[in-house]
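Breakdown of the fold
Below, each chain spelled out in residue letters.
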Amino acid sequence: AQRVTQPEKLLSVFKGAPVELKCNYSYSGSPELFWYVQYSRQRLQLLLRHISRESIKGFTADLNKGETSFHLKKPFAQEEDSAMYYCALRFGGFGNEKLTFGTGTRLTIIP
Amino acid sequence: EPEVTQTPSHQVTQMGQEVILRCVPISNHLYFYWYRQILGQKVEFLVSFYNNEISEKSEIFDDQFSVERPDGSNFTLKIRSTKLEDSAMYFCAIEREGPYEQYFGPGTRLTVT
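For the structure given in this document, a descriptive report is provided here. On a predicted model such as this, the values are computed, not experimentally measured, just so you know.

Regarding the interface of chain A and chain B
- Chain A puts 18 residues into the contact, and the matching count from chain B is 21 residues.
- Broken down residue by residue, the surface that chain A buries against chain B is led by Arg43, Asn96 and Lys98 of chain A, which jointly contribute 34%.
- Linking chain A to chain B there are three salt bridges.
- The interface formed by chain A and chain B includes 10 residue pairs in polar contact (both at pLDDT 80 or more).

Considering the pattern of salt bridges
- Enumeration over the complete set of coordinates arrives at 10 salt bridges over all chains.
- Residue Glu95 of chain B is joined to Arg90 of chain A by a salt bridge in which the shortest nitrogen-to-oxygen separation is 2.5 Å. Here Arg90 of chain A lies in strand 9 (residues 83-91) and Glu95 of chain B lies in strand 9 (residues 88-95), a pairing that spans two chains.
- For Glu95 of chain B, a relative accessible area of 0% puts it in the buried group.

Structural notes on the sheet that holds strand 3 (residues 19-21) of chain A
All names here are of chain A.
- In space, the three strands of this open sheet follow the order 3-8-7, with antiparallel pairing throughout. Each having just a single partner strand, strand 3 and strand 7 (60-61) make up the two edges of the open sheet.
- Two elements, strand 3 and strand 8 (residues 72-74), share three bridges in a ladder whose sense is antiparallel. Pairing of Val19 across the sheet is with Lys74, part of strand 8.

Rules of the game
- Residues numbered from 1 in each chain as written.
- Chains lettered and ligands numbered in written order.
- Predicted model: local features only at pLDDT ≥ 70, side-chain atom pairs only at ≥ 80, totals over all residues.
- Heavy atoms only, no water.
- Contact = heavy atoms within 4.5 Å.
- Buried area = accessible area lost by both parts, 1.4 Å probe.
- Salt bridge = Lys/Arg side-chain N within 4 Å of Asp/Glu carboxyl O.
- Polar contact = N/O pair within 3.5 Å; in protein donor to acceptor, adjacent residues only side chain to side chain.
- Helix = DSSP H or I, 4+ residues; strand = E, 2+ residues; numbered from the N terminus.
- Buried < 20%, exposed > 50% of the residue type's maximum accessible area, 1.4 Å probe, protein only.
- Pairing = 2+ DSSP bridges.

Right, dumping it as structure tokens:
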């Protein structure tokens, strides 16, 4: 069965410091990985997907199949990065496939 | 980013009552999903819907739940007889061909008393 683990429930980082949100997964096939962000009282928003290899709002994430990880990184944290971050996985790259979410990490940026 | 709205934003109901949650995608999409998030827990998949039928459902999605697109636009989730443990945020997600990315609505907070 597919599973996503986000080991940190809470993470506090000073403004300007590097950020790393951890995500590990277990899946027997070739999964597709995503990061979603939820700002206070707003909807879940897609932040990154591993196949696009884009950098959004300064965040990047690399899929490491050997370590089964998809950690989210940003070199310099900004106050507006404070939010709830969810790592998610699904099978394949086409539609009609459910997302399996991790439990989320609440990131707080300290001014 | 595609837009999707959900109504109501908050629904309070008594145990045993029926509720209907609505999802309204602004543009044309192929795939529809419902997820829920119990307070303090992770987002969980309930059901996926394509071509007017259920594609996949989770163990949570028992006989008390049903989905439909009654008018080809709205996508609804019905809970026939609500239980206390159905209290949660319910999110609709939509997806279309090409990017195959799921976009979430703002959610409906369901409170069962």
